[in-house]
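# Structural overview
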Amino acid sequence: MKIDIVNFVDGARNAEGIAVVIDVFRAFSVACYCFSKGVSKIYPIGDVDDAYDLVKSFDDGILVGERKGKKLPGFDYGNSPTEIMAANLLGKAVVHTTHAGTQGLVNAVNADEVLTGAFVNAKATAKYIKDRNPDKVTLVKMGLEAKSQSDEDDLCAEYIKMLLNNQPFDETAIVETLCNSPYSERFFDPDKPWCPSSDFDLCLDMNRFSFALRSIPDETGNLHLEKVNVDMAEGNRW
Ligand SMILES: O=C(O)[C@H](CS(=O)(=O)O)OP(=O)(O)O
């Protein structure tokens, strides 16, 4: 299995094999928490106006997402796992647009299969890939605003790569590193209430979920995320 690590929208566009689009803070942590709250579907969208249009086609649709970290006008929830955990989302269709994460999914058009990447389901994602045994895996780090490197996505890519290679990785050290990272400061800044410290904790709740999220087009051509439960006991070497 050849594993490449690439960056941002260009990296997503050129990703081959199984692509894992990684966005720890916060898009793909949020997506996992949405499924844990019983949403029916998540539609990752690039353009904000497309999100406003798409949600109108659902009786039970809600808008989740951000630009510059803040909830968008008319949206039901920000890109915040804390908000998602407090919401009643059973059966809702989530239309999700974010500055970085969802841009990677909509641009990963050359991959055979596209998955989301986050710490909350990293082992399940790696196990899913190992079971598929692909020739090529591309780990796409979306970083800050899909423009610059960020510690959490770099570490998550390294972590998934080590899991795929059956190598040990100190998960406690990941959390410690991120506690002291400048990329985590916004979660502890009283002037940024849209990034609560509980989001930091929820995004770093390592391997809380035993499912992978696949991004696949539906019959109308819109992408949606599909939850794939992964048997973590059978053949689990971690
Ligand atoms: O909502 C977030 O935390 C980020 C903001 S930014 O793009 O990294 O500045 O959005 P996401 O798309 O989840 O990375």
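Residues numbered from 1 in each chain as written. Predicted model: local features only at pLDDT ≥ 70, side-chain atom pairs only at ≥ 80, totals over all residues. Heavy atoms only, no water.

### Side note on helix H2 (residues 27-36)
- Of all 10 residues that make up H2, nine are buried, and the element is covered over most of its length.
- Just downstream of H2 lies Gly-38, where phi reads positive at about 90°. (Buried < 20%, exposed > 50% of the residue type's maximum accessible area, 1.4 Å probe, protein only. Helix = DSSP H or I, 4+ residues; strand = E, 2+ residues; numbered from the N terminus.)

### Focus: the packing of helix H7 (residues 151-164) against helix H8 (residues 171-179)
- For the pair H7 and H8, the least separation of the axes is 10 Å and the interaxial angle reads 170°. Considering the angle they form, H7 stands roughly antiparallel to H8. The residues of H8 that touch H7, namely those facing Asp-151, Glu-152, Leu-155 and Tyr-159, are Glu-171, Ile-174, Thr-177 and Leu-178.
- A per-class count over the contact of H7 with H8 returns four nonpolar, one polar and three charged. (Axes fitted to C-alpha atoms, helices over the stretch in contact; angles between N-to-C directions. Parallel < 35°, antiparallel > 145°, perpendicular 65-115°, else oblique. Contact = heavy atoms within 4.5 Å. Nonpolar A, V, L, I, M, F, W, Y, C, P; charged D, E, K, R; others polar.)

### A closer look at the confidence of the model for the protein
- Summarising the model, the protein shows a mean pLDDT of 97, and 98% of its residues fall at 70 or more.
- As scored by the predictor, the complex reaches a pTM of 0.97 and an ipTM of 0.92. (pLDDT = per-residue confidence, 0-100.)

### Some remarks on the site of the ligand
- Not every one of the 13 residues close to the ligand is listed here, only the nearest: Asp-23, Arg-26, Asn-79, Thr-98 and Arg-186.
- Arg-26 is positioned such that a nitrogen or oxygen atom in its side chain is 2.8 Å from an oxygen atom of the ligand.
- Glu-66 has a polar side-chain atom sitting 2.9 Å from an oxygen atom of the ligand.
- Surface burial for the ligand is 98%, taken as the share of its 360 Å² of free accessible area covered by protein chains.
- The site holding the ligand turns out to be the largest pocket.
- Here the shell around the ligand is composed, by residue class, of four nonpolar, four polar and five charged. (Near = heavy atom within 4 Å. Polar contact = N/O pair within 3.5 Å; in protein donor to acceptor, adjacent residues only side chain to side chain. Areas by Shrake-Rupley, 256 points an atom, 1.4 Å probe, with all protein chains shown as cover. 1 Å grid on protein atoms, 1.4 Å probe; cavity = no way out; pocket = protein on both sides within 12 Å on 5 of 7 lines; lining within 4 Å. Sits in = over half its atoms within 2 Å of the grid points.)

### So, unusual backbone geometry
- Cis rather than trans, the peptide bond between Phe-25 and Arg-26 has omega equal to 5°.
- Along the chain, Arg-26 falls in the loop between strand S2 (18-22) and H2.
- Phi angles above zero are rare outside glycine, and Ala-146 is one such case at about 60°.
- Note that Ala-146 resides in the loop between strand S8 (136-141) and H7.

### Here's the deal with the layout of surface pockets
- Size it by volume and the largest pocket reaches roughly 390 Å³.
- Around the largest pocket sit 22 residues that line it, and Lys-68, Gly-69, Leu-144, Glu-145 and Arg-186 are the ones nearest its centre. (Points joined across faces, edges and corners; volume = space filled by probe spheres on them.)

### Points about the packing of helix H6 (residues 122-132) against H7
- Running from amino to carboxyl end, H6 crosses H7 at an angle of 45°, the nearest separation of the two axes being 9 Å. One element, H6, and the other, H7, form an angle in the oblique class. As H6 runs across H7, the sense of the crossing is right-handed. On H7, the residues that touch Ala-122, Lys-123, Ala-126, Ile-129 and Lys-130 of H6 are Tyr-159, Ile-160, Leu-163 and Leu-164.
- For the contact of H6 with H7, a count of residues per class yields seven nonpolar, no polar and two charged. (Left-handed = near helix turned anticlockwise from the far one by under 90°.)

### Digging into the packing of aromatic side chains
- Applying the stated rule across the entire model yields 10 aromatic pairs.
- Ring centres of Phe-25 and Phe-200 lie 5.9 Å apart, and the angle between their planes is 40°; on these two criteria the pair is classed as tilted. Of the two residues, Phe-25 sits in the loop between S2 and H2 while Phe-200 sits in helix H9 (residues 197-203), which places them 175 residues apart along the sequence. The pair Phe-25 / Phe-200 is uniform in exposure class, with both members buried.
- Ring centres 4.9 Å apart and planes at 35° place the aromatic pair Tyr-43 and Phe-58 in the tilted group. With a gap of 15 residues between them, Tyr-43 in strand S3 (residues 41-45) and Phe-58 in the loop between helix H3 (48-55) and strand S4 (61-67) connect regions that are remote in the sequence.
- Here Tyr-43 falls in the buried class, since its relative accessible area comes to 6%.
- When the ring centre of Trp-194 is taken as reference, the NZ or CZ atom of Lys-70 above it lies at 4.6 Å. (Phe/Tyr/Trp six-rings, centres within 6.5 Å; stacked < 30°, edge-to-face > 60°. Lys NZ or Arg CZ within 6 Å of the ring centre and 35° of its normal.)

### Details of the pattern of salt bridges
- Enumeration according to the criterion identifies 15 salt bridges in this entry.
- The closest approach of N and O atoms between Asp-131 and Lys-127, which form a salt bridge, is 3.1 Å. Remark: Lys-127 and Asp-131 occur in helix H6; sequence separation between them is four residues, near one turn of the helix.
- Classification of Asp-131 by relative accessible area gives exposed; the value is 53%.
- Judged by relative accessible area, Lys-127 falls into the buried class, the value being 5%.
- Of the charged contacts in the structure, one is a salt bridge between Glu-226 and Arg-214, with a shortest N-O distance of 3.1 Å. Taken together, the residues Glu-226 in strand S10 (residues 223-229) and Arg-214 in strand S9 (residues 211-217) connect sequence positions 12 residues apart.
- Exposure remark for Arg-214: the relative accessible area of 22% places this residue in the partly exposed category.
- Salt bridges linked by common partners bring Lys-2, Asp-4, Glu-16 and Lys-136 together as one network. (Salt bridge = Lys/Arg side-chain N within 4 Å of Asp/Glu carboxyl O.)

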